[in-house]
Each structure stands twice: as structure tokens, then as C-alpha cells.
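As a plain string of letters, each chain reads:
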Amino acid sequence: MTQITWLADDPNTAFPPLEQAFIEPDGLLAAGGDLSPARLLNAYRHGIFPWYSEGQPILWWSPDPRCILFPEKLKISRSLRKTMKKQAFEIHMDTAFTKVMRACAESRPDQPGTWITDDMLNAYVQMHELGYAHSIECWQNDHLVGGLYGIAIGQVFFGESMFSRVSDASKVALVHLCQYLIAHDFKLIDSQVHSAHLESLGAEMIPRQEFAALVQQYTATGQSPGKWKKE
């Protein structure tokens, strides 16, 4: 039986090669370490992300194949276009990052638990303060009703989670994210794992090796860290 790699305390320690990731569970690569900014940036730049539940050690993943979305390939349905035309939401960026994360962490009918632990929340809020983590927010009558958040490095946006309290709110947030990314020459959204919902929006699956090569290329150049503003 293959043994999982346990990470050393030094956040700059290299992750094992992606080829060592488990087939079952798909993409499990390593355990342990911490959620320091240095470790997270190292992970994302190599196509790796943390995902674990309360009570578990930190688990690091790189599934094969990988679900991605090219911003210019976003599929906007006829009904979503109607919602966009109504301008039912006020859109903001990076004004309520912590609120977006907490909303994403709330239990849902199909997901009673959450992987957004307090440690994850604190780590990504720190990444937000450093200018790497961003939120797109949909507001109605001064209430946050939908949004998403993720990590931006170079020309890649690594999507983490989204939520809706009103129909289409998260989809509208995704449309505005893609518009922003296209305007700022981003090349790729990492959607991590496949879902029928993401596929309906234009996401596709590519081999992990191809994904890792794109990430290496596109995180090397592009936008510097900093707060985002709606234009």
C-alpha cells in the first residue's frame, strides 16, 4: 500500500511530484504542513490545493483530470442573460471577503458539513490581506446574496467556492469574474473538480500534466497582488 507523504514544517519544502498523487481517492498527494501564505502560494503554483474536514490533518490534492474554465468560453444561458439585463444585483469586488467565505461555509441541503474550517478561513483572509485572495459579491438592498472567492496568481484564478441566496446570484458573480479576468489578460480559471453545474457553464476537463504546464506558464507573469475594484 502506498504511503502518503507528510510535509515538513518548513513552508518552503517542495511538494512531492504530482505523479505520486493517489488514484483513489483521486488526487490526494500529501498531508500535514500548514496554511501559511508561503505554503499556499507554493501549492497553487504547482497545481495543488488544500481540502480537508474538521478533525483531519491538512490534505493536499491534485486530481487528474483537472476541471478548468477558460474565461472567454463561459457559457451564458438565455435565462442568465435575462437576469443580467435586469441588473438585479449590485456587484462589488473585495469589499466583503470574509462574509463571502462564511457564506460559502454555511451548510447546504446537499452538503451538511463544510471544508471551510476556521483555520482555512483565517488563512485565506490573510491571503486576501496580502492581495492574493479575492471575492466577487452580489448585493441586493444592502444584503449579500451571492458571490465567490479564490486565489489569483499571475494570469490564473484558482476558484475555491461560490454561494447563492437568491437565484442566479453566484452565476452573475461568475460572469463578472470572467469579464474582469478577460479585461486583465487572465488565461485560466482552475475549477478543481468536475461538476455538472460547472460543465453547464463551460468548464472542461484536461489532463493534470497539461494543467500543471499551463499553471507554471501563466503564474510566472501577469497581474501583481493587490485589491480588485469593479470597473
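Look up a bit, the structure's there.
Residues numbered from 1 in each chain as written. Predicted model: local features only at pLDDT ≥ 70, side-chain atom pairs only at ≥ 80, totals over all residues. Heavy atoms only, no water.

Before going further, it helps to spend a moment on helix H4 (residues 118–129). Over its twelve residues, H4 extends 16 Å from the first C-alpha to the last, a length consistent with the 16 Å expected when each residue adds 1.5 Å. Every buried residue of H4 is listed here: Met120, Leu121, Ala123, Tyr124, Val125, Met127 and His128. Count one or two residues on from H4 and you reach Gly131, which has phi positive near 90 degrees. (Helix = DSSP H or I, 4+ residues; strand = E, 2+ residues; numbered from the N terminus. Expected span 1.5 Å × (residues − 1). Buried < 20%, exposed > 50% of the residue type's maximum accessible area, 1.4 Å probe, protein only.)

Summarising the element assignment, Arg66 is placed in strand E5 (residues 66–69). Overall, Arg66 belongs to the buried group, its relative accessible area being 0%. There is a polar contact of 2.9 Å between the side chain of Arg66 and the side chain of Asp190. Dropping the residues within four chain positions of it, Arg66 is found in contact with Gly47, Ile48, Phe49, Asp190, Gln192, Glu204, Met205, Ile206 and Phe211. (Polar contact = N/O pair within 3.5 Å; in protein donor to acceptor, adjacent residues only side chain to side chain. Contact = heavy atoms within 4.5 Å.)

On to the sheet that holds strand E7 (residues 133–140), then. Spatial ordering of the open sheet is given by E6-E7-E8-E9-E10-E5-E11, a layout of seven strands whose pairing is mixed. Two strands bound the open sheet, and with one partner strand each, they are strand E6 (90–93) and strand E11 (204–206). Sheet twist, expressed as the average angle between the axes of neighbouring strands with direction ignored, equals 35 degrees. Relative to strand E9 (residues 156–164), strand E8 (residues 143–153) runs antiparallel, the two sharing eight bridges. In the sheet register, Ile153 faces E9, and the bridge partner there is Val156. Strands E7, E8 and E9 of the sheet are contacted by helix H3 (residues 97–105), whose axis makes an angle of about 100 degrees with E8. Running over the sheet, H4 touches E7, E8 and E9 and is turned about 95 degrees from E7. (Pairing = 2+ DSSP bridges. Axes fitted to C-alpha atoms, helices over the stretch in contact; angles between N-to-C directions.)

Spatially, four strands are ordered E1-E2-E4-E3 in an open sheet, and the strand pairing comes out mixed. Strand pairing shows two members of the sheet lacking a second neighbour, strand E1 (5–7) and strand E3 (49–50), which therefore form its edges. Inspection of the sheet shows E3 paired to strand E4 (residues 59–61) by two bridges, in the antiparallel sense. Counterpart to Phe49 in the pairing with E4 is Trp61.

In this section: the side chain of His134. Locating His134 in the fold gives a position in strand E7. Within the structure, His134 has its side chain in polar contact with the side chain of Trp228 (distance 3.4 Å). The contacts of His134, once residues within four sequence positions are left out, are Asp94, Phe97, His128, Leu148, Tyr149, Gly150, Ala152, Gly226, Lys227 and Trp228.

This paragraph deals with the packing of helix H1 (residues 37–45) against H4. Relative to each other, H1 and H4 sit at 85 degrees, their axes nearing to 10 Å. Judged by the inter-axis angle, H1 sits roughly perpendicular to H4. Between H1 and H4, the residues in contact are Pro37, Leu40, Leu41 and Tyr44 and Ala123, Tyr124, Gln126 and Met127, respectively. Each residue belonging to the contact of H1 with H4 can be placed in one class, and the counts come to seven nonpolar, one polar and no charged. (Parallel < 35°, antiparallel > 145°, perpendicular 65-115°, else oblique. Nonpolar A, V, L, I, M, F, W, Y, C, P; charged D, E, K, R; others polar.)

Another aspect to go through is the nonpolar core. Ranked by internal contacts, the top residues of the largest apolar core, which has 55 residues, are Trp60, Tyr124, Tyr149 and Ile151. Counting residues in each nonpolar core, the second largest holds 29 residues, with Cys67, Phe89, Leu198 and Leu201 among its members. (Core = buried A, V, L, I, M, F, W, Y, C linked by side-chain atoms within 4.5 Å.)

Turning next to the pairing of strand E10 (residues 188–192). Within E10, five of the five residues are buried, leaving the element largely enclosed by the surrounding structure. The two faces of E10 match: Leu188, Asp190 and Gln192 on one face and Ile189 and Ser191 on the other face are all buried. Examined bridge by bridge, E5 and E10 share three bridges and lie antiparallel to one another. The partner of Ile68 across the bridge, within E10, is Asp190. Looking at chain direction, E9 and E10 are connected through three bridges and run parallel.

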